[in-house]
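Here is how the chains run, residue by residue.
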Amino acid sequence: MNRVQVATKSKVYDVCIKAGLRHLIGDAVKKVTEPVSSVLVITDTDVAPLYLDDVVLSFKNEYPVYTEVIQSGEASKSFSVYEQVMTKALESSLDRKSLIIALGGGVVGDLAGFVAATYMRGIRFIQVPTTLLAHDSSVGGKVAINHPLGKNMVGSFHQPESVLYDTEMLYSLPVKEWRSGFAEVMKHGFIRDLSFLNWLQEIKVIEEMPIEQLNTLLEKSISIKAEIVTVDEKESGIRAHLNFGHTLGHAIESD
Ligand SMILES: NC(=O)c1ccc[n+]([C@@H]2O[C@H](COP(=O)([O-])OP(=O)(O)OC[C@H]3O[C@@H](n4cnc5c(N)ncnc54)[C@H](O)[C@@H]3O)[C@@H](O)[C@H]2O)c1
(Lines give C-alpha, C1' and ligand atoms only; values in the text may rest on other atoms or scores of the structure.)
Protein backbone atom coordinates (compact mmCIF):
# COMPACT_ATOMS: atom_id res chain seq x y z
CA MET A 1 0.00 0.00 0.00
CA ASN A 2 1.28 3.49 -0.88
CA ARG A 3 0.23 6.11 1.65
CA VAL A 4 0.36 9.91 1.91
CA GLN A 5 -0.63 11.84 5.02
CA VAL A 6 -2.55 15.10 4.65
CA ALA A 7 -2.22 17.21 7.80
CA THR A 8 -4.50 20.24 7.60
CA LYS A 9 -5.52 22.39 10.57
CA SER A 10 -9.05 21.00 10.50
CA LYS A 11 -8.22 17.31 9.91
CA VAL A 12 -5.34 14.86 9.54
CA TYR A 13 -6.06 11.96 7.20
CA ASP A 14 -4.41 9.45 4.90
CA VAL A 15 -4.61 8.89 1.19
CA CYS A 16 -4.30 5.10 0.71
CA ILE A 17 -3.33 3.88 -2.75
CA LYS A 18 -3.68 0.17 -3.54
CA ALA A 19 -4.85 -2.07 -6.35
CA GLY A 20 -8.15 -3.76 -5.47
CA LEU A 21 -8.94 -1.45 -2.52
CA ARG A 22 -12.59 -1.10 -3.61
CA HIS A 23 -13.24 -4.63 -2.28
CA LEU A 24 -12.00 -3.54 1.16
CA ILE A 25 -13.81 -0.22 1.59
CA GLY A 26 -16.10 -1.59 4.33
CA ASP A 27 -13.12 -2.73 6.44
CA ALA A 28 -11.16 0.43 5.68
CA VAL A 29 -14.01 2.63 6.92
CA LYS A 30 -13.75 1.01 10.36
CA LYS A 31 -10.04 1.83 10.51
CA VAL A 32 -10.21 5.45 9.40
CA THR A 33 -13.19 6.83 11.28
CA GLU A 34 -15.50 6.44 14.30
CA PRO A 35 -18.41 3.94 14.00
CA VAL A 36 -21.07 4.92 11.48
CA SER A 37 -24.86 4.41 11.55
CA SER A 38 -25.48 4.15 7.81
CA VAL A 39 -23.76 4.81 4.50
CA LEU A 40 -24.79 6.61 1.31
CA VAL A 41 -22.65 5.79 -1.73
CA ILE A 42 -22.90 8.47 -4.41
CA THR A 43 -21.65 7.61 -7.88
CA ASP A 44 -22.45 8.30 -11.55
CA THR A 45 -23.97 6.46 -14.49
CA ASP A 46 -20.59 5.49 -16.01
CA VAL A 47 -18.99 4.26 -12.78
CA ALA A 48 -22.02 2.49 -11.26
CA PRO A 49 -22.16 -0.48 -13.69
CA LEU A 50 -18.42 -1.05 -13.26
CA TYR A 51 -17.73 -0.70 -9.53
CA LEU A 52 -20.79 0.12 -7.40
CA ASP A 53 -21.61 -3.51 -6.52
CA ASP A 54 -18.03 -4.18 -5.39
CA VAL A 55 -18.14 -1.24 -3.00
CA VAL A 56 -21.61 -2.07 -1.62
CA LEU A 57 -20.64 -5.74 -1.12
CA SER A 58 -17.51 -4.70 0.77
CA PHE A 59 -19.78 -3.51 3.64
CA LYS A 60 -21.04 -7.09 4.17
CA ASN A 61 -24.52 -5.89 5.28
CA GLU A 62 -23.07 -4.53 8.54
CA TYR A 63 -25.27 -1.43 8.39
CA PRO A 64 -27.73 0.09 5.93
CA VAL A 65 -25.98 1.06 2.70
CA TYR A 66 -27.94 3.32 0.33
CA THR A 67 -26.89 4.31 -3.18
CA GLU A 68 -27.57 7.29 -5.42
CA VAL A 69 -26.48 7.31 -9.07
CA ILE A 70 -26.24 10.71 -10.76
CA GLN A 71 -25.90 11.38 -14.47
CA SER A 72 -22.19 11.42 -15.41
CA GLY A 73 -20.70 14.74 -16.52
CA GLU A 74 -19.99 18.26 -15.34
CA ALA A 75 -23.68 19.28 -15.68
CA SER A 76 -24.37 17.26 -12.52
CA LYS A 77 -22.51 19.79 -10.37
CA SER A 78 -25.78 21.71 -10.27
CA PHE A 79 -28.40 22.90 -7.78
CA SER A 80 -30.93 20.41 -9.16
CA VAL A 81 -28.67 17.36 -8.75
CA TYR A 82 -27.56 18.66 -5.33
CA GLU A 83 -31.26 18.72 -4.36
CA GLN A 84 -31.77 15.22 -5.82
CA VAL A 85 -28.96 13.81 -3.64
CA MET A 86 -30.12 15.74 -0.55
CA THR A 87 -33.60 14.27 -1.05
CA LYS A 88 -32.10 10.77 -1.19
CA ALA A 89 -30.16 11.46 2.02
CA LEU A 90 -33.33 12.64 3.79
CA GLU A 91 -35.47 9.78 2.47
CA SER A 92 -32.79 7.36 3.71
CA SER A 93 -32.92 9.02 7.16
CA LEU A 94 -29.19 9.69 7.23
CA ASP A 95 -28.21 11.13 10.61
CA ARG A 96 -25.15 12.85 12.06
CA LYS A 97 -23.34 9.51 12.35
CA SER A 98 -23.94 8.58 8.73
CA LEU A 99 -21.12 8.50 6.20
CA ILE A 100 -21.12 9.53 2.56
CA ILE A 101 -18.87 7.71 0.08
CA ALA A 102 -17.98 9.62 -3.09
CA LEU A 103 -17.28 6.91 -5.68
CA GLY A 104 -16.21 8.58 -8.91
CA GLY A 105 -14.19 11.31 -10.55
CA GLY A 106 -13.97 14.97 -9.65
CA VAL A 107 -17.62 15.64 -10.46
CA VAL A 108 -18.92 13.05 -7.99
CA GLY A 109 -16.23 14.02 -5.44
CA ASP A 110 -17.06 17.74 -5.56
CA LEU A 111 -20.83 17.23 -5.46
CA ALA A 112 -20.88 14.45 -2.83
CA GLY A 113 -18.36 16.40 -0.73
CA PHE A 114 -20.62 19.47 -0.83
CA VAL A 115 -23.61 17.35 0.16
CA ALA A 116 -21.56 15.99 3.09
CA ALA A 117 -20.46 19.51 4.03
CA THR A 118 -24.03 20.77 4.23
CA TYR A 119 -26.31 17.83 5.15
CA MET A 120 -27.36 18.48 8.77
CA ARG A 121 -24.61 21.16 8.84
CA GLY A 122 -21.92 18.65 7.94
CA ILE A 123 -21.38 14.88 8.16
CA ARG A 124 -18.36 12.70 7.42
CA PHE A 125 -17.39 11.56 3.95
CA ILE A 126 -14.75 9.43 2.25
CA GLN A 127 -13.38 9.98 -1.22
CA VAL A 128 -13.03 6.89 -3.43
CA PRO A 129 -11.57 8.43 -6.60
CA THR A 130 -11.96 6.60 -9.92
CA THR A 131 -10.22 8.99 -12.34
CA LEU A 132 -6.61 10.08 -12.62
CA LEU A 133 -7.67 13.71 -12.31
CA ALA A 134 -9.36 12.93 -9.02
CA HIS A 135 -5.94 12.36 -7.40
CA ASP A 136 -6.04 16.16 -7.30
CA SER A 137 -9.72 16.86 -6.64
CA SER A 138 -10.16 14.24 -3.89
CA VAL A 139 -7.37 15.68 -1.72
CA GLY A 140 -7.52 19.01 0.11
CA GLY A 141 -11.19 19.41 0.98
CA LYS A 142 -12.39 21.82 -1.71
CA VAL A 143 -15.98 20.79 -2.52
CA ALA A 144 -18.42 22.68 -4.71
CA ILE A 145 -21.16 22.83 -7.28
CA ASN A 146 -21.43 25.24 -10.19
CA HIS A 147 -23.73 28.26 -10.58
CA PRO A 148 -24.88 29.24 -14.09
CA LEU A 149 -22.72 32.36 -13.63
CA GLY A 150 -19.55 30.57 -12.57
CA LYS A 151 -17.81 27.24 -12.01
CA ASN A 152 -17.34 26.04 -8.41
CA MET A 153 -18.93 29.24 -7.09
CA VAL A 154 -21.03 27.53 -4.40
CA GLY A 155 -18.96 25.38 -2.10
CA SER A 156 -17.05 24.83 1.08
CA PHE A 157 -13.85 23.47 2.58
CA HIS A 158 -14.74 20.06 4.03
CA GLN A 159 -11.96 17.51 4.47
CA PRO A 160 -12.69 13.80 3.93
CA GLU A 161 -12.02 11.20 6.64
CA SER A 162 -9.77 9.46 4.17
CA VAL A 163 -9.09 9.01 0.46
CA LEU A 164 -9.16 5.36 -0.64
CA TYR A 165 -7.67 5.07 -4.11
CA ASP A 166 -8.05 1.77 -5.96
CA THR A 167 -5.78 2.25 -8.96
CA GLU A 168 -7.17 -0.86 -10.69
CA MET A 169 -10.28 1.19 -11.45
CA LEU A 170 -8.34 3.69 -13.57
CA TYR A 171 -7.74 1.12 -16.32
CA SER A 172 -11.33 1.39 -17.55
CA LEU A 173 -10.97 5.14 -18.18
CA PRO A 174 -11.23 6.46 -21.74
CA VAL A 175 -7.89 7.73 -23.10
CA LYS A 176 -9.04 11.35 -23.00
CA GLU A 177 -9.65 11.06 -19.24
CA TRP A 178 -6.14 9.66 -18.71
CA ARG A 179 -4.74 12.69 -20.55
CA SER A 180 -6.92 15.14 -18.67
CA GLY A 181 -5.72 13.69 -15.36
CA PHE A 182 -2.10 13.55 -16.49
CA ALA A 183 -2.19 17.31 -17.05
CA GLU A 184 -2.86 17.75 -13.31
CA VAL A 185 0.05 15.42 -12.52
CA MET A 186 2.32 17.52 -14.78
CA LYS A 187 1.02 20.64 -13.01
CA HIS A 188 2.35 19.32 -9.70
CA GLY A 189 5.73 18.78 -11.37
CA PHE A 190 5.75 22.28 -12.85
CA ILE A 191 4.92 24.08 -9.63
CA ARG A 192 7.08 22.09 -7.23
CA ASP A 193 9.47 19.40 -8.49
CA LEU A 194 11.61 19.57 -11.61
CA SER A 195 13.03 16.03 -11.25
CA PHE A 196 9.46 14.63 -11.02
CA LEU A 197 8.54 16.62 -14.13
CA ASN A 198 11.55 15.19 -16.01
CA TRP A 199 10.58 11.66 -14.94
CA LEU A 200 7.03 12.24 -16.19
CA GLN A 201 8.29 13.34 -19.58
CA GLU A 202 9.78 9.89 -20.11
CA ILE A 203 6.39 8.19 -19.86
CA LYS A 204 5.31 7.16 -23.34
CA VAL A 205 1.77 5.80 -23.05
CA ILE A 206 0.19 6.86 -19.79
CA GLU A 207 -2.82 4.52 -20.04
CA GLU A 208 -0.52 1.50 -20.43
CA MET A 209 1.60 2.33 -17.41
CA PRO A 210 2.16 -0.68 -15.10
CA ILE A 211 0.14 -0.39 -11.92
CA GLU A 212 3.19 -0.25 -9.63
CA GLN A 213 4.52 2.72 -11.57
CA LEU A 214 1.08 4.34 -11.50
CA ASN A 215 0.94 3.92 -7.71
CA THR A 216 4.35 5.60 -7.36
CA LEU A 217 3.33 8.42 -9.69
CA LEU A 218 0.17 9.06 -7.66
CA GLU A 219 2.00 8.94 -4.34
CA LYS A 220 4.50 11.54 -5.58
CA SER A 221 1.91 13.82 -7.16
CA ILE A 222 -0.43 13.64 -4.14
CA SER A 223 2.51 14.33 -1.78
CA ILE A 224 3.07 17.63 -3.56
CA LYS A 225 -0.57 18.62 -3.16
CA ALA A 226 -0.57 17.43 0.47
CA GLU A 227 2.48 19.56 1.29
CA ILE A 228 0.76 22.65 -0.07
CA VAL A 229 -2.65 22.17 1.54
CA THR A 230 -0.94 21.39 4.85
CA VAL A 231 0.52 24.90 5.01
CA ASP A 232 -2.40 26.71 3.36
CA GLU A 233 -5.69 24.81 3.76
CA LYS A 234 -8.01 27.68 2.77
CA GLU A 235 -6.03 29.20 -0.11
CA SER A 236 -4.89 32.40 1.50
CA GLY A 237 -1.47 32.15 -0.11
CA ILE A 238 0.63 29.35 -1.62
CA ARG A 239 -2.38 27.07 -2.37
CA ALA A 240 -3.13 29.41 -5.28
CA HIS A 241 -0.12 27.77 -7.03
CA LEU A 242 -2.36 24.72 -7.49
CA ASN A 243 -4.48 26.81 -9.87
CA PHE A 244 -1.48 26.96 -12.24
CA GLY A 245 -2.84 27.01 -15.80
CA HIS A 246 -6.49 26.93 -14.71
CA THR A 247 -7.47 30.52 -15.52
CA LEU A 248 -6.47 30.05 -19.13
CA GLY A 249 -7.78 26.47 -19.19
CA HIS A 250 -11.26 27.49 -17.98
CA ALA A 251 -11.32 30.31 -20.55
CA ILE A 252 -10.48 27.86 -23.37
CA GLU A 253 -13.06 25.33 -22.12
CA SER A 254 -15.82 27.94 -21.96
CA ASP A 255 -15.07 29.29 -25.45
N1 LIG B 1 -12.01 19.98 -5.62
C2 LIG B 1 -10.87 20.19 -6.23
O3 LIG B 1 -9.86 20.53 -5.60
C4 LIG B 1 -10.79 19.98 -7.71
C5 LIG B 1 -9.55 19.96 -8.36
C6 LIG B 1 -9.53 19.70 -9.73
C7 LIG B 1 -10.72 19.45 -10.42
N8 LIG B 1 -11.90 19.48 -9.76
C9 LIG B 1 -13.17 19.20 -10.45
O10 LIG B 1 -13.11 17.88 -10.98
C11 LIG B 1 -14.06 17.79 -12.04
C12 LIG B 1 -13.47 16.96 -13.16
O13 LIG B 1 -13.19 15.68 -12.67
P14 LIG B 1 -12.91 14.45 -13.64
O15 LIG B 1 -11.99 14.86 -14.71
O16 LIG B 1 -12.57 13.29 -12.78
O17 LIG B 1 -14.32 14.28 -14.38
P18 LIG B 1 -15.57 13.33 -14.17
O19 LIG B 1 -15.84 13.10 -12.76
O20 LIG B 1 -16.66 13.93 -15.01
O21 LIG B 1 -15.08 11.96 -14.86
C22 LIG B 1 -14.82 11.94 -16.24
C23 LIG B 1 -15.64 10.84 -16.95
O24 LIG B 1 -15.07 9.57 -16.65
C25 LIG B 1 -16.08 8.69 -16.15
N26 LIG B 1 -15.41 7.78 -15.23
C27 LIG B 1 -15.01 8.05 -13.97
N28 LIG B 1 -14.30 7.03 -13.49
C29 LIG B 1 -14.27 6.07 -14.45
C30 LIG B 1 -13.66 4.80 -14.55
N31 LIG B 1 -12.90 4.31 -13.57
N32 LIG B 1 -13.83 4.10 -15.69
C33 LIG B 1 -14.57 4.61 -16.72
N34 LIG B 1 -15.14 5.82 -16.71
C35 LIG B 1 -14.98 6.55 -15.57
C36 LIG B 1 -17.09 9.61 -15.52
O37 LIG B 1 -18.35 9.00 -15.41
C38 LIG B 1 -17.09 10.78 -16.51
O39 LIG B 1 -17.89 10.45 -17.63
C40 LIG B 1 -14.41 19.20 -12.44
O41 LIG B 1 -15.73 19.50 -12.06
C42 LIG B 1 -13.43 20.06 -11.66
O43 LIG B 1 -13.96 21.31 -11.30
C44 LIG B 1 -11.95 19.72 -8.42
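Residues numbered from 1 in each chain as written. Predicted model: local features only at pLDDT ≥ 70, side-chain atom pairs only at ≥ 80, totals over all residues. Heavy atoms only, no water.

Looking at an unreviewed UniProt entry, one finds the chain named 3-dehydroquinate synthase and attributed to Halalkalibacter akibai. Annotation of the chain in UniProt includes, under Sequence similarities (unreviewed entry), the sentence "Belongs to the sugar phosphate cyclases superfamily. Dehydroquinate synthase family." Checking UniProt for the chain, the heading Cofactor (unreviewed entry) contains the comment "NAD(+)". (UniProt positions renumbered as here; feature names shortened; annotations may be inferred.)

Colleague: Describe the site of the ligand, and please don't skip the residues or the numbers.
Modeller: Lining the immediate surroundings of the ligand are 25 residues, of which Asp 44, Glu 74, Thr 130, Thr 131 and Lys 151 lie closest. Between the ligand and Asp 44, the relevant distance is 2.7 Å, taken from an oxygen atom to a side-chain nitrogen or oxygen of the residue. One of the side-chain nitrogen or oxygen atoms of Glu 74 is found 2.6 Å away from an oxygen atom of the ligand. Here the ligand, which alone exposes 870 Å², has 87% of that area covered by the protein. Broken down by secondary-structure element, the contributors of at least two residues to the shell around the ligand are helix 2 (48-57), helix 4 (106-118), helix 5 (134-137) and strand 8 (150-157). (Near = heavy atom within 4 Å. Polar contact = N/O pair within 3.5 Å; in protein donor to acceptor, adjacent residues only side chain to side chain. Areas by Shrake-Rupley, 256 points an atom, 1.4 Å probe, with all protein chains shown as cover. Helix = DSSP H or I, 4+ residues; strand = E, 2+ residues; numbered from the N terminus.)

Colleague: Help me get a handle on the pairing of strand 9 (residues 162-165), residues and values and all.
Modeller: Look at any regular strand and the pattern is simple: side chains alternate between the two faces of the sheet. Going residue by residue along strand 9, you find Ser 162 and Leu 164 tucked away on one face and Val 163 and Tyr 165 tucked away on the opposite face as well. Examined bridge by bridge, strand 2 (residues 12-17) and strand 9 share 3 bridges and lie parallel to one another. Within strand 9, the position partnered with Ile 17 by the bridge is Tyr 165. Sheet topology note: the strand 6 (residues 124-129)/strand 9 ladder contains 2 bridges and is parallel. Bridge assignment links Ile 126 to a residue of strand 9, and that residue is Ser 162. (Buried < 20%, exposed > 50% of the residue type's maximum accessible area, 1.4 Å probe, protein only. Pairing = 2+ DSSP bridges.)

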